[in-house]
Each structure stands twice: as structure tokens, then as C-alpha cells.
Amino acid sequence: MFYKSLDYKANTKDTTRVFLGYNHTNQPADGEFYDMRNMSADEYPAIATRKRRTMNLTLASNDWQELEVNFEFSYDGSVSVGTATYQSGSIEVGEKETLTFSCKADEELVSSVASKVTYYDSEGNEIGSEEIGNESFVTPDQTGSCEITVSALIRDPQDHTEEELPECVTELSVKLFNRNIRGMLLKDGKLAYMVGSKLMYDGQEIDFKEYMSKADDYRTEMQLLSFGVYILIFPAALYFNTNDLEDYGSLSEEYVAGTFESQVKFTMCDAQGEEITASTTEPEDPENMDYWLNTEEKCLYQWSDSLAMWVSVSATYIRIEITHTVLPETPFPQMFSEGDAVFMNSSLEDINKGSIIQKLGEITGESGEIIGGYIVVKGYLSGQVVEEVSPEKTLYFKRKIPEMDYVCVSNNRVWGCRHGLSEDSEAVNEIYASKLGDAKNWYCYAGNATDSYALSLGDDGEFTAAFTFKGYPMFFKENVVYKIYGGYPAAYQLYTYDCRGVQRGSHRSLAVVNEYLVYKSVRDICVFDGSMPTGISGKLGAEKYKNAAAGACLGKYYISMENSTGSSCFFTYDLERGIWSREDDLKIEEFVYNNSGQLYGRNKLSVYGFEDAADGFGQAEETPEGRLKWMLETPDLGLEDLERKWVKAIHIRAYMEYEAVMDVYVDCDDTGNRPVKTIRGEGRICSCRIPVISARADNYRIRLSGYGYVRIYSITKEVEYGSDRR
């Protein structure tokens, strides 16, 4: 008699020699890891600890900025006890920001003062409180706002009326230690960054305080652009000439007539600004070059003896003249240049919106001193107009910059987009381009190839980013991509792609990697080749990320973004190999990079150097990271087999620097990571067989962790199979 034999799998050895990075899904391939920290595919096919970062700049101090806080007074008292309370109301602050509070009490009225700050998260939930004195304090994590309460104990409440007590505590002041980096740019291999109202570049400090709006919030992010020799700063609309340290200021300009003058004259003139005297009735016996203003046709004619006829003048001009009664620091019109488009609020409505200055000049007194000036613009005028001005009735001349959400530079123009309300409270959904080579003019429409450009869109939705790719300006919404083709305004054409655009809040995720544009969309991270985007982030799992910032360096895409809980996650993607790596929780809000392998990222307080970045830019000495803590965790292994199994041993071949440490763990059937071996580095490649004593299990995971530089060449799992019975 023959009995049926039972076929059991023999012991197996499964070796992984090619490591494919991070795959946080339920279907990872061989060589992929479900989780990791501080590992990289730079040593492919091996996997190794990432390069250490350099700390290129840490802001240790800057300026104290006083916050506008209105304290409300209330009083609660009786004959024997009285307390004066001052309540600040909500003060918008962020986490880990340093503030200081101070006040002054009238010691004759007040016996003691107690101050308390209460912290709230972004949704208004209280997260803690503490007593404070006249000293600085630091807001805790997750802070969105705070409230300060001051309680003053009145010495003799029966001797005072409530009306006398509001001034018992005075000089209540809340100041913020403003050390936030607002924007950054890598220009000519040198780092430019902005803190508060100051731009730092190449060891220089340029203060734009006098050019910034009084309503400027130090938290407002600034976008720095390279435009020729200039650094442009938006949305503040500022500029700095890197070749001339004295040439900086506002892109917009304004002169308000009414303080240093009493009237503004509008006179008909020729293109050179010379006043024209024209008859309003047709002269019976005209002489050569005489003018006749036909008021019915609103046309200016000039008599030509050679033609024996009236010849229409193709363009008419108006000279706008101001003579100062007191000479201002900058006389009119020295703040403008020829070719500028100016807006006015004069009584001549036809010239108020964007008249282009054809010529400007000075008016001098008898001794040659400057006493005023004039500009010449195109326009029609039937007679001289004089407008009286005063501090109560002013007339302004303004070179305007449109309010823009996002900006970029392409083909010697600055481009921008805006969705929302303009400064005139008009609804706009537009794309703008500055005058060719001139970032100060956005409303010059003279019919030339160098003109400014504006385009209104019919598609709804907010803009989410602007970027230049392959020489074309591109504008993004969450579900649309716009591209502008053409070399000058008359030839510009808009192409619209109905596809995944840039996620709101992730406008800094755009980066060019190996001639491809990569960015964060609502669903995923996309590669855009100029036609349609393709998703590349499936291996990051089902987590929904947002608020991404990214940069590129030598074929790799670096991205920092927030997960659904608000925690930061830092990833890299090797575009050539298609390998994701999970690094750590570093929060980066902006990257800058160039094609030489320099990549820098910053958050509000620090600038970090990545990969080949090594320049400290004349700032604090570089402080590289210490030994990195790293981790690798496999997905659930053994799921493809029905049989239960024992993990008998793990073989690891790796290079470990001297005194590096690797801890090996095994988790069988989700019972928890059990340590099985600690390996210490000897500064060479070594192979180690690690015996494992484990119970029979359906599946298992292997976890490697440690610190110091490690390069793993192979991992072999030695597994013994049993039956499928528990």
C-alpha cells in the first residue's frame, strides 16, 4: 500500500540586493520599504544613510516689533476690595514665537499687578496658559493666537471712583521678536533673504522700511525674483539693484500735489512740451505753422504754406505743470521717468487712467534753481485748465503696480496673476505682464511690441501658482493650467489645459527636474512634460498631503509637506530611477536652487544646505548635522504563502562607519518589534548572520534602525515553512 506524501516547502533563502526605496502601500515590491527615516537611494542599488545637511544660517536675533493691541478696561470692586482688569482680546501669533509684555502701574493706586497669557490653537480651542511678568515668553506648539489678561489690585478702592481707575496701569505693550525669514532667492550663486523690512544680500543689509506699507504684516510671505541685475520683491513691489547698493526702493511711485504747491496747470503743447497757441475759429489769413483748434471735430490743425491747406496734427499733447511754493525733498516730476504710465484724479477724465509720459522737464527760477517741473502726455484740451490744490483737496500722480497673487519672470518681462478684488474693489480674474525690460510699468498700452499686457479670463477659481517652464509663463489653478505663447503682446496666445493643476497652498512645490516640471496637485505629485501631467506619488500611500514646498538638485526632487494632522514630512524622489525616500520631519517653507547642485531650503528661522550646498554666504559658520538616526522597516512579508513559517535567520551585508550602530528587530504577526541583534560598525564592509528565535507565524516584518553612516548591500531572509495550521 502506498500513502500519499505531504509536500512541505524546504527552508528558503530570499536575498534582496536591489533596494527600491519607500512604498507606503499594501503592495510593495521586493526591495521596497513600508517605512523609513533618513535613508537615500544615492548609493543605488544599495541603500544608505542620506547625506548630512549643513546649517548655513540661523537667525539668532533681529528686531522687536510692537503689535497693535487694544486693552479693554473693566472694574470689579467693593468697599474693601477692587480689581482693575485689562483684557487684550485675541492676538494673532504662531507657534514658538517669542513675545514680551510690559506695563507700568501707578504705585499710589495699585498694590500689585498679575499678568497671564492664555494660548489658543488655530480653531480657538484653549491649549494652555501661564503667568508672565515684564519679560519674554515663547508660545507653545500649535498656537494660533493668545490673549493677555492684566489684573491690578487697588490699594484703597473706597477712596476712588471707577472713572479714576482706567489709568492706574499704563504703557501696556506687547512686542514680538521678529526673526521670521519672509522670502529667499539664490542669485548669481549668492543667497538673498528678507527678514522684516530688511533684505540681506552678499553681506549687505538693505532696509525698505520707508517704502513698505504701514499695514504690512511681518508674517506676509514675500516672493523674491531675479530680473536682470535686480532683485524684485512681491507683493510689496520693491526692487534692489545688485550692481548699485544705493539703487533700491518701490516699483510704484506717487506724487500728491497740494502740500508744496497751490495749483496744477494743464496746457495744450507739442511733443516737446512747448506751449501751443491755437485759434478756436478758423483764421482767415493764416501764416505757416499757425494752429487752429476745431472744437466741433476735437481736432488740431496746422497751416502749411507749401500745401496751402490745413493739415491735421496726428497727436495732441497736454503739458501738466507744477510750480512749488516750497521745494519738496524730491521735486515733481523727478520720481517718474519718460515712458511711465501715470494715473491721476484730475478733472480731465480722458487722461486719468494710465497716460504715458512722453517727456518730462524741470522749471527753473531766475537764478537757475529748480522750482518745479512738468510732464507731457497725449490728450486733447480746448483751453488751459488750472486746478487749485491744497492739503484738503489733493491731486495725485501715480505709477501703479497691479495687486498680484503670484509672479514669475519670462522673456524679460515680469508676469503675474490675480483672482479676487483689485485695489479699486473691482472683481478681477486676470493675467498681467510688465513692459518689456521694465518691471515698474504695467499699464503702458501704446501699440508697441514693448507694451505691457493684460488678459481677462472667464474660468472661475483662484490662481494657485505661477511659474516659467521651457521659456513660457504658466499659471495654475487647482484644475486648470494656462500657458502663454508668443513673443510680444499682439502675438500672445493663451492655451488652456483642463488637467490637474497646483494645489492651493502648494505654490512653492513647483520645480524643474531633468527638464520636467514637478508639482503637488490636490490628488498627488505630478510630472508635467508640457502636454499633460502624470502622477508619480502612488507609493506615498493614501495619506493626503498639503502645503508643499519643493526644490530640485541633480535629478532629485525634494519636497516638504504637511500630512492630515499638520505634521511635516520630508521626501526625496529620484526621477531617473523612480525611487522615493522618506527622510525626516523637517519643515521647509521654500527652496531655492540652481543647475550647479546648490540647493537651499528655509523655514522661518533657519536656512539649510542640501547635497552639494556648502557656502555659508558670509553668515554664521556652517553647522552640519551630527550622526543621523535612521530606520528601515519592511512591509508584511510572507503574505504570498499559505503556510505558516519560522524566521530562522537574517543575513545583512553592509558597510558601517566606525562606531555606527544597527539594531535589528523582528515582528511576527503584529506582536511587536522584538530586538534580536545589535551590530556595531568597524569602518569596513562586513557580513553578519543573525539567528532569530521566533514562534511560528503567518507573516513577519523586519526593522533596522540605528545611527551613524550605514550602506546596506543585501538583506537575506532565511525562513523555514511548516503547515498552514495554527
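Residues numbered from 1 in each chain as written. Predicted model: local features only at pLDDT ≥ 70, side-chain atom pairs only at ≥ 80, totals over all residues. Heavy atoms only, no water.

A.B. asks: What is the right way to read the overall build of the chain from this model?
C.D. replies: A tally of regular secondary structure across the chain gives 0 helices and 64 strands. Expected size for 726 residues packed as a compact globule is a radius of gyration near 27 Å; at 35 Å, the chain overshoots this value by more than 25%. Overall, the chain is about 140 × 90 × 45 Å in size when its C-alpha atoms are taken along their principal axes. Counting the 726 residues in the chain, one finds 50% classified as buried. By sequence separation, contacts in the chain at least 24 residues apart represent 62% of the contacts at least 6 residues apart. Counting every atom, the chain has about 35700 Å² of accessible surface; 44% of that belongs to carbon and sulfur. Of the charged side chains in the chain, 71 are positive and 117 negative, and the gap between their average positions amounts to 15 Å. (Helix = DSSP H or I, 4+ residues; strand = E, 2+ residues; numbered from the N terminus. Rg over C-alpha atoms; globule rule 2.2 N^0.38 Å. Buried < 20%, exposed > 50% of the residue type's maximum accessible area, 1.4 Å probe, protein only. Contact = heavy atoms within 4.5 Å. Areas by Shrake-Rupley, 256 points an atom, 1.4 Å probe, with all protein chains shown as cover. Lys, Arg positive; Asp, Glu negative; His and termini not counted. Charge placed at Lys NZ, Arg CZ, Asp CG, Glu CD.)

A.B. asks: Would you explain the sheet that holds strand 61 (residues 674-680) in this entry?
C.D. replies: Adjacent strands of a sheet form backbone hydrogen bonds with each other and so pair up, either parallel or antiparallel. Judged by pairing direction, the sheet is antiparallel, and its 5 strands sit side by side in the order 4-58-63-60-61 without closing on themselves. Here the strands that pair on one side only, and so sit at the sheet edges, are strand 4 (35-37) and strand 61. Going from strand to strand, the sheet's axes swing by 15° on average, the running direction of each strand aside. Pairing geometry for strand 58 (residues 629-633) and strand 63 (residues 700-707), over 5 bridges, is antiparallel. Within the sheet, the bridge partner assigned to Glu633 lies in strand 63 and is Arg703. (Pairing = 2+ DSSP bridges. Axes fitted to C-alpha atoms, helices over the stretch in contact; angles between N-to-C directions.)

A.B. asks: Sorry, what's going on with the packing of aromatic side chains here?
C.D. replies: As enumerated under the stated definition, the model contains 33 aromatic pairs in all. Both rings, one in Phe73 and one in Tyr86, keep their centres 5.4 Å apart while their planes meet at 55°; by these two values the pair is tilted. In this pair, Phe73 is assigned in strand 9 (residues 72-77) and Tyr86 in strand 10 (residues 82-87), connecting sequence segments 13 residues apart. For Phe73, a relative accessible area of 27% gives the class partly exposed. On the basis of an interplanar angle of 80° and a centroid distance of 5.0 Å, the ring pair of Phe343 and Tyr443 is categorised as edge-to-face. A residue pair is termed long-range when its members are at least 10 positions apart, and Phe343 in strand 33 (residues 341-344) and Tyr443 in the loop between strand 41 (427-433) and strand 42 (453-456) qualify at 100 residues. Accessibility classification places Phe343 together with Tyr443 in one group, the buried group. Sitting over the ring of Phe343, Lys400 keeps its end group 4.3 Å from the ring centre. (Phe/Tyr/Trp six-rings, centres within 6.5 Å; stacked < 30°, edge-to-face > 60°. Lys NZ or Arg CZ within 6 Å of the ring centre and 35° of its normal.)

A.B. asks: What exactly am I supposed to notice about the pattern of salt bridges here?
C.D. replies: Note on pairing: side chains with opposite charge can pair once their charged atoms come close. Applying the stated criterion across every chain, the model contains 37 salt bridges. Two residues, Lys648 and Glu720, come together in a salt bridge whose shortest N-O distance is 3.6 Å. Here Lys648, found in strand 59 (residues 645-656), pairs with Glu720, found in strand 64 (residues 710-721); they are 72 residues apart in sequence, far enough to count as distant. Look at the salt bridges and you will find they share partners, linking Glu221, Arg508, Glu589, Glu590, Arg602 and Lys604 into a network. (Salt bridge = Lys/Arg side-chain N within 4 Å of Asp/Glu carboxyl O.)

A.B. asks: What's the story with the pairing of strand 63 in this structure? I'm lost.
C.D. replies: Both faces of the sheet carry side chains from a regular strand, because those side chains alternate between them. With 6 of its 8 residues buried, strand 63 lies for the most part within the structure. Across 8 bridges, strand 60 (residues 661-668) lies against strand 63 in antiparallel orientation. Residue Cys668 lies in a different strand from strand 63, and its bridge partner there is Tyr700.

A.B. asks: Teacher, can you tell me more about the sheet that holds strand 45 (residues 481-485) here?
C.D. replies: What the 4 strands build is an open sheet, ordered 43-44-45-46; its pairing is antiparallel. Each having just a single partner strand, strand 43 (465-469) and strand 46 (493-497) make up the two edges of the open sheet. Between one strand axis and the next, the sheet turns by 25° as a mean value, whatever way the strands run. When strand 44 (residues 472-476) meets strand 45, the two strands line up antiparallel, connected through 3 bridges.

A.B. asks: Please explain the environment of Phe260 as it appears in this structure.
C.D. replies: If you trace the backbone, Phe260 turns up in the loop between strand 26 (253-257) and strand 27 (263-269). Once the C-alpha coordinates of Phe260 and Ile322 are considered, the two residues, 62 residues apart in sequence, prove to be 9.6 Å apart. Among residues more than four places away in sequence, those in contact with Phe260 are Tyr255, His324, Thr325, Val326 and Pro328.

A.B. asks: Looking at this structure, how should I read the pairing of strand 27?
C.D. replies: Within strand 27, 5 of the 7 residues are buried, leaving the element largely enclosed by the surrounding structure. Inspection of the sheet shows strand 27 paired to strand 37 (residues 385-388) by 4 bridges, in the antiparallel sense. Across the sheet, Lys265 pairs through a bridge with Val386, a residue of strand 37. The sheet contact formed by strand 27 and strand 32 (residues 317-323) spans 6 bridges and is antiparallel. What sits directly across from Thr267, in strand 32, is Arg319.

A.B. asks: How should unusual backbone geometry be read in this particular structure?
C.D. replies: In this model, Tyr44 is joined to Pro45 through a cis peptide bond whose omega is 10°. Following Phe234, the chain continues into Pro235 via a peptide bond in cis, with omega recorded as 5°. Looking at the secondary structure, you find Pro235 in the loop between strand 23 (230-234) and strand 24 (238-241). The phi dihedral of Gln142 falls on the positive side, at around 70°, and the residue is not glycine. Within the secondary structure layout, Gln142 lies in the loop between strand 15 (136-138) and strand 16 (145-154). With a phi angle near 55°, Glu171 is a residue other than glycine that sits in the positive phi range. Here Glu171 is to be found in strand 17 (residues 169-178). Glu171 sits in the exposed class, given a relative accessible area of 56%.

A.B. asks: Explanation requested: a negative patch on the surface in the structure shown.
C.D. replies: On the surface, Glu282, Glu284, Asp285, Glu287 and Asp305 cluster together to form a negatively charged patch. Tracing the chain through its elements places Glu287 in the loop between strand 28 (278-279) and strand 29 (291-294). (Patch = residues over 30% accessible without salt bridge, like charges linked within 9 Å, V, L, I, M, F, W, Y side chains within 5 Å.)

A.B. asks: How do you make sense of the nonpolar core when you look at a structure like this?
C.D. replies: Side chains that are nonpolar tend, in soluble globular proteins, to be buried together. By size, the foremost hydrophobic cluster in this structure holds 51 residues, and its most contacted members are Met662, Leu704 and Ile712. Once residues within four sequence positions are removed from consideration, Met662 is found in contact with Trp630, Ile652, Ala654, Met656, Lys677, Thr678, Ile679, Leu704, Ser705, Gly706, Val710 and Ile712. (Core = buried A, V, L, I, M, F, W, Y, C linked by side-chain atoms within 4.5 Å.)

A.B. asks: Where do I start with the environment of Phe227 in this structure?
C.D. replies: Tracing the chain through its elements places Phe227 in strand 22 (residues 223-227). Residue classification places Phe227 among the buried residues on the basis of a relative accessible area of 6%. Separated by 12 residues in the primary sequence, Phe227 and Tyr239 have C-alpha atoms spaced 9.5 Å apart. Non-local contacts of Phe227, meaning those with residues more than four positions away in its chain, are made with Leu232, Val409, Asn412, Arg413, Val414, Gly437, Asp438 and Ala439.

A.B. asks: Teacher, can you tell me more about the side chain of Ser705 here?
C.D. replies: Here Ser705 lies in strand 63. For Ser705, the contacting residues outside a window of four places in its chain are Trp630, Met631, Val661, Met662, Asp663 and Tyr665.

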